[in-house]
Structures are given as C-alpha cells and as structure tokens.
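So the chains spell out like this:
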Amino acid sequence: MLARLHSVTLEGIEGIICEVEVDVSRGGWDKPLIVGLPDTAVKESIERVRSAIVNSGFKYPDTQSLVNLAPADVKKAGPAFDLPIALGTLCRTGGFPSEALKRYVIVGELALDGRVRPVNGVLSMAMTAVENGFSRIIVPLENTDEAAVVSDIEVFGVASLAQAVGLLRGDLELEPTSIDVDKIFNVSAKYEMDFSDVKGQESVKRAVTIAAAGAHNMMMIGPPGAGKTMISQRIATILPPLTLEESLETTRVYSSVGLLKKGNALIATRPVRTPHHTASGPALIGGGSNPRPGELSLANHGILFLDEFAEFPRNVLEMIRQPLEESSVTISRAKGTVTFPAQFMMVAAMNPCPCGYFGSGQRRCKCSPKQIERYVSKVSGPLLDRIDIHIDVPAVSFRKLRAKSGDSESARIRQQVVSARRMQIERFGNGKITTNATMTHKQVEKFCGLDESSEQLLKQAMVEFALSARAHDKICKVARTIADLDGCETIKAEYIAEAISYRKLDRKF
Ligand SMILES: Nc1ncnc2c1ncn2[C@@H]1O[C@H](COP(=O)(O)OP(=O)(O)OP(=O)(O)O)[C@@H](O)[C@H]1O
Ligand SMILES: [Mg+2]
Ligand SMILES: [Zn+2]
C-alpha cells in the first residue's frame, strides 16, 4: 500500500514543499529505506519512527517500508520528516483513509515514546504551505502559535503521534488554532529600555537621533564605562516602529534557527545583536552545509553592535561590507545560493586608545602617540568607510549620574526620527533607496544643494582636515538628515558645521 503526503523542508528561510511517499507493501528489504537526498537527521528518521509507532500502541507493518522524498534534487534536512513518515507508514494499520492525508502539510520530530517535538522554521513552513494551496497544516504543539501567525491556513498543533492519528481518523476533536496577529504584534511591540535611563550625554543623544533619523551607521569613541553599550542597546527604541511585514521577515530568521522564545510568536521589537570580536566569519555572516543565518541576519531591521571595533579581525570586517551594502547575505553552495535578509544599522564602539583613557580627563592615558596611532589605524579600512557619524562618548559626572530619570525620552526622540524619515520617503519615492544614508553620489548632488556660506564652510573643512571625497558625501548626507530633523528643505551652514563635527576619525589625533 502506498501513502502519499506532504511536508516541507527549508533552504535558508525559504520552504520547499516535499512529497513523502511511503510504500509499505514492499517485501525483500532487510531494513526500511529512505531515498531522495535525505541528510543524516532524515536518514535516522526511520529508527525514531519505528519506536514511536510501537510505543504509541500502533502496529508497525510486517513488511519493510520504502520512503521516497521528492523532488529528488532538493536536499531534505532536519528531523521534521519524522511525523509525516510515521503517518505514511500507518496508512494501512492506523485506521484512517489515506485520502485523509491529502489536505495536510505535516511537520514534526518524533521522540521514541511518540511525543512530537518542536522543529525549526515552522513559520516559513506554514507560509510555504499556503503559497502552495494547502488549507491545513499539522505542526508540533509547541510551534502552534508560530504557524498560526499565517492566515489562510488551519493550524493543528499535536503533542503526540497518537493525537495526529486521532485527528486523521476523526475521533479526536481538535479545533484549528487561531490567534489575533495584530493584537499579539501590538502587545509585544514594547521595549523594556528607554533613553531616559542614560543620564547626561546630551550631545551623544543628539548624534544618535541624527543617526537613527537618516539610518546612518555610527561609531562611538569613549573610555571604559562611559555608557557606549548602554546607549547602543537603546537605539532600537528610537527607530521607527517595526511594520508587521518587517516583523514577519525577522521572525522567519529566528524561527529557522529555533531562537523564538517560548510564548513569543513574533519578533515585534527591533533586535540588537552584539557579536563578540572573536566570533567567526560564518557565525556573523551565516553558513554551513545547510546554511544557517548568522548575526547579521539576526540583526535584521535592528542594530548590529560591534563593540571593541578595533579588535575585530580585518578579514571578518571585510565580510560584513557587502551585506551592509546589499541589505542581505548571499551564501554560495555547491548547488545554487541561499539568501538571508540582513538589513541593519551598524553601531560600532571603541576606546580612544589601547588603555582606554586618552583625552578622557578622568585618568591619565599611559599610551605613547605611536601606540595610539597604530590603534586608531586598525579601524580605518573597509567598514569605517561605511560609517557616517563618529561621536565622542565621555564619561558622565557623578552628579549627573545621580540625577533622577524623567519620563520616556525614547518616545519623544522616536517622533522626531519618524517625521524625518517621512521627509526622506517623500523625497526618494518608492524606489530601493529610502534613507539619506543610502543615497548615491548622484542623489547627493541632487538633494544636498548648499548655499554660498555652507559651500564655503565645507570647502574650508575639506582643506583643513584633509578630508576625502567620500567624507565629503558623508558630510552632505548627514547635513541632509539634520535639515530633515529641522523640517527644513535647504541645508544651512549650521547643519554642515554639525555634520563636519561628526568626522572625528578623519582628523589627525
Ligand atoms: N550616562 C549614564 N547614565 C546612567 N548610567 C550610566 C551612564 N553611563 C554609564 N552608566 C553605567 O555604567 C555602566 C557601564 O556602562 P557601559 O557598559 O555602557 O559602558 P561602556 O562604555 O560600554 O564601557 P566599556 O568600554 O567598558 O565597554 C552601565 O551599566 C550603567 O550602569
Ligand atoms: Mg561596553
Ligand atoms: Zn591610552
């Protein structure tokens, strides 16, 4: 007897519908067999399936089974095929008509005692099921909410193989799970931190506001304990609220690596990722034979914070460069490529010198000018070129630290950011470029016209600080954002002056 049912495998965060054929009428095999490019986890499925079937009180067929997974040229990965293979195997002895299997996409790992274990990537799997015209999906109970985020499909969460069989037989009354996505989204779209936690630091907050308003990457330079980490973690709270679409995209990334927290069906706040400088290339970019997303994609629509920027190996920074430009990561493999979303704002931080206290006025710096120069020159290069704003973060005084925090500052700053972003959207229309930071050189020429005095000021600074052509464009872009924050179409000299002040690393120390 031949059972035919459907499951999904993941390539990156994209799902691919697979047909699972189970032939239990074959004799002549000395053991069951899976064909159709299974990975190790899928190959081992047969053993789990047998135990799960027997331990759930069902009869394992006395003939050996042959399992075929199609399409044959797609690699089938992970343990999510256990449940569909088990149900296919039971098509003769399970007591349900094999037609019952037709309407479902089925995914789930099996424990030896018949429990259904959660699997990664259920959100993408449910989306794929809908795209392919399926009206029902059976998923592990723990993944139910994740799948139910997708509309136009009935989601059945099962805790055990026996429950899945009961559902197919029709003797288990199981309601499809439905959740109110908008409600979940609105409830979870709240940040636990606020900029009012950061005392003093007015000039840093100003620079951060500008960076967020124009989506500019930024670098914070300051002594240990000045609050760089604290500030970076709060930048997400002043960026425009995530849209549901952005939230879903990021949630798919987290779902695909099993990083969704329990009871958290959606990533509704902008993520902040802080990879350590010892992290490997693949950990940052993503990779592996069945590619997993890396830190850059986990930071999608949020913040990638690179603390101790000077300590990151140059070749690793080099790898971040292209994703930063393309807002996505592409990983090549033997067969084709896998693409992950990776649109993030990069926030870097470093000490001003090896000992950390150069120019701090707090402690004496013990470094020689040579050491400082070597330290700073370590950060010049591929990624520094992508950073529009450099800002000093001095340590705050004890008096300021002891001040009481006021009301939410994040909400107020965010309003400014949102209205500046609105001006940018109007300016650029519906094209690929929506923020000042991503303007092309042509757009800089078109949208950053300067008046006589601004022109003069910029020219003077270029000469005095020996700034490059690239720095020139960056100053114009940042000045454009400052004007947008001011609701002003023209770029005034004061905006240029402020933008120039954010090119600290271009100057001589
Ligand atoms: N402006 C501030 N307002 C309130 N607390 C602050 C401020 N600055 C620093 N702190 C306190 O100091 C601690 C250390 O700050 P943080 O870790 O952000 O410093 P850092 O600049 O990242 O230091 P390092 O260079 O060592 O990484 C924070 O956890 C916070 O409690
Ligand atoms: Mg820190
Ligand atoms: Zn020093």
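Quick caveat, the model's predicted, so the values are computed rather than measured.

1. Some thoughts on the overall build of the protein
So, step 1. Summing up its helical and strand segments, the protein has 20 helices and 18 strands in all.
So, step 2. C-alpha atoms of the protein, sized along the principal axes, occupy 85 × 50 × 45 Å.
So, step 3. A buried classification covers 53% of the 509 residues belonging to the protein.
So, step 4. Residue pairs in contact within the protein that sit at least 24 positions apart in sequence constitute 73% of those at least 6 positions apart.
So, step 5. When the accessible surface of the protein is split by element, carbon and sulfur atoms take 49% of a total near 23,300 Å².
So, step 6. Across the protein, the mean location of the 62 positive side-chain charges is 6 Å away from that of the 59 negative side-chain charges.

2. Observations regarding the site of ligand 1
So, step 1. Residues in contact with ligand 1 amount to 16 residues; listed here are only the nearest, Lys199, Gly225, Lys228, Thr229 and Met230.
So, step 2. Here an oxygen atom of ligand 1 and a backbone polar atom of Gly225 are 2.7 Å apart.
So, step 3. Contact distances for ligand 1 include 3.2 Å between an oxygen atom and a backbone N or O atom of Ala226.
So, step 4. Against a free-state accessible area of 640 Å², the protein chains account for coverage of 66% of ligand 1.
So, step 5. For the shell around ligand 1, the per-class residue count stands at seven nonpolar, five polar and four charged.

3. What about the coordination of the zinc ion (ligand 3)?
So, step 1. Protein ligation of the zinc ion (ligand 3) involves Cys353 (SG), Cys355 (SG), Cys365 (SG) and Cys367 (SG), the donor distances falling in the range 2.2 to 2.4 Å.
So, step 2. The site at the zinc ion (ligand 3) holds four donor atoms, and with the angles between them running 106 to 113 degrees, its shape is tetrahedral.
So, step 3. Look at where the donors of the zinc ion (ligand 3) fall in the sequence and you get C-x1-C-x9-C-x1-C. One end of the pair, Cys353, is in the loop between strand S17 (344-350) and helix H14 (369-379); the other, Cys367, is in the loop between S17 and H14, with 14 residues separating them in the sequence. Comparing Cys353 with Cys367, the two get one shared label, buried.

4. Examining the packing of aromatic side chains
So, step 1. Applying the stated criterion across every chain yields a total of two aromatic pairs.
So, step 2. A centroid spacing of 6.1 Å and a plane angle of 65 degrees characterise the contact between Tyr104 and Phe156, whose relative ring orientation is edge-to-face. Taken together, the residues span a long stretch of sequence, with Tyr104 in strand S5 (residues 104-106) and Phe156 in strand S9 (residues 154-158) at a distance of 52 residues.
So, step 3. Given a relative accessible area of 3%, Phe156 falls into the buried group.
So, step 4. Geometrically, the ring pair formed by Phe428 and Phe447 is edge-to-face, given 5.4 Å between the ring centres and 85 degrees between the ring planes. Placement of Phe428 in helix H16 (residues 410-428) and of Phe447 in helix H17 (residues 441-447) is noted, with a sequence separation of 19 residues between them.
So, step 5. One residue, Arg50, lies across the ring of Tyr60, its end atom 4.6 Å from the ring centre.
So, step 6. Over the aromatic face of Phe428 sits the side chain of Arg427, whose NZ or CZ is 5.7 Å from the ring centroid.

5. Some words on the pairing of strand S16 (residues 337-341)
So, step 1. Relative to S16, strand S15 (residues 328-332) is paired through five bridges, and the arrangement is antiparallel. Note that in S16 the partner of Val329 across the bridge is Phe340.
So, step 2. Linking two consecutive strands that pair antiparallel, namely S15 and S16, is a turn of four residues; a positive phi of about 70 degrees is found at Gly336 within it.

6. Overview of the layout of surface pockets
So, step 1. A volume near 1,600 Å³ is recorded for the largest pocket.
So, step 2. As for the largest pocket, its lining consists of 48 residues, and the residues nearest its centre are Ser327, Gln343, Thr434, Thr435 and Thr438.
So, step 3. Those elements that provide at least two residues to the lining of the largest pocket are helix H10 (244-256), helix H13 (314-326), S17, H16, H17 and helix H19 (469-485).
So, step 4. Of the residues in the lining of the largest pocket, the class split is 17 nonpolar, 15 polar and 16 charged.

7. A look at the domain arrangement of the protein
So, step 1. If you check the domain split of the protein, you get domain 1 (2-169) and domain 2 (188-398).
So, step 2. A separation of 40 Å is found between the C-alpha centroids of domain 1 and domain 2.
So, step 3. In this complex, domain 1 contributes 19 residues to the contact, which on the side of domain 2 involves 20 residues.
So, step 4. Both faces combined, the contact of domain 1 with domain 2 buries some 1,500 Å², and carbon together with sulfur accounts for 59% of it.
So, step 5. Our enumeration of links across domain 1 and domain 2 arrives at one salt bridge.
So, step 6. On inspection of domain 1 and its partner domain 2, the count reaches six residue pairs in polar contact (both at pLDDT 80 or more).

8. Section: the side chain of Thr250
So, step 1. With respect to the helices, strands and loops of the structure, Thr250 is situated in helix H10.
So, step 2. Overall, Thr250 belongs to the buried group, its relative accessible area being 1%.
So, step 3. Not counting chain neighbours up to four residues away, the residues in contact with Thr250 comprise Ile267, Pro271, Asn300 and His301.

9. Looking at helix H2 (residues 45-55)
So, step 1. For H2, the complete set of buried residues consists of Ser45, Ile46, Arg48, Val49, Ala52 and Ile53. Along the long axis of H2, the arc covered by the buried residues comes to 160 degrees, so they all point the same way.
So, step 2. Turning to H2, the residues buried within the fold contact strand S3 (33-35), helix H1 (40-43), strand S4 (66-70), helix H3 (82-89), strand S6 (109-110) and helix H6 (161-169).

Cut-offs and rules
Residues numbered from 1 in each chain as written. Chains lettered and ligands numbered in written order. Predicted model: local features only at pLDDT ≥ 70, side-chain atom pairs only at ≥ 80, totals over all residues. Heavy atoms only, no water. Helix = DSSP H or I, 4+ residues; strand = E, 2+ residues; numbered from the N terminus. Buried < 20%, exposed > 50% of the residue type's maximum accessible area, 1.4 Å probe, protein only. Contact = heavy atoms within 4.5 Å. Areas by Shrake-Rupley, 256 points an atom, 1.4 Å probe, with all protein chains shown as cover. Lys, Arg positive; Asp, Glu negative; His and termini not counted. Charge placed at Lys NZ, Arg CZ, Asp CG, Glu CD. Near = heavy atom within 4 Å. Polar contact = N/O pair within 3.5 Å; in protein donor to acceptor, adjacent residues only side chain to side chain. Nonpolar A, V, L, I, M, F, W, Y, C, P; charged D, E, K, R; others polar. Donors = N, O, S within 2.8 Å, 3.2 Å for Na, K, Ca; no water. Tetrahedral: all angles 85-135°; square planar, octahedral: opposite > 155°, others 65-115°. Phe/Tyr/Trp six-rings, centres within 6.5 Å; stacked < 30°, edge-to-face > 60°. Lys NZ or Arg CZ within 6 Å of the ring centre and 35° of its normal. Pairing = 2+ DSSP bridges. 1 Å grid on protein atoms, 1.4 Å probe; cavity = no way out; pocket = protein on both sides within 12 Å on 5 of 7 lines; lining within 4 Å. Points joined across faces, edges and corners; volume = space filled by probe spheres on them. Domains from an automatic or database assignment. Buried area = accessible area lost by both parts, 1.4 Å probe. Salt bridge = Lys/Arg side-chain N within 4 Å of Asp/Glu carboxyl O. Arc of directions from axis to C-beta.

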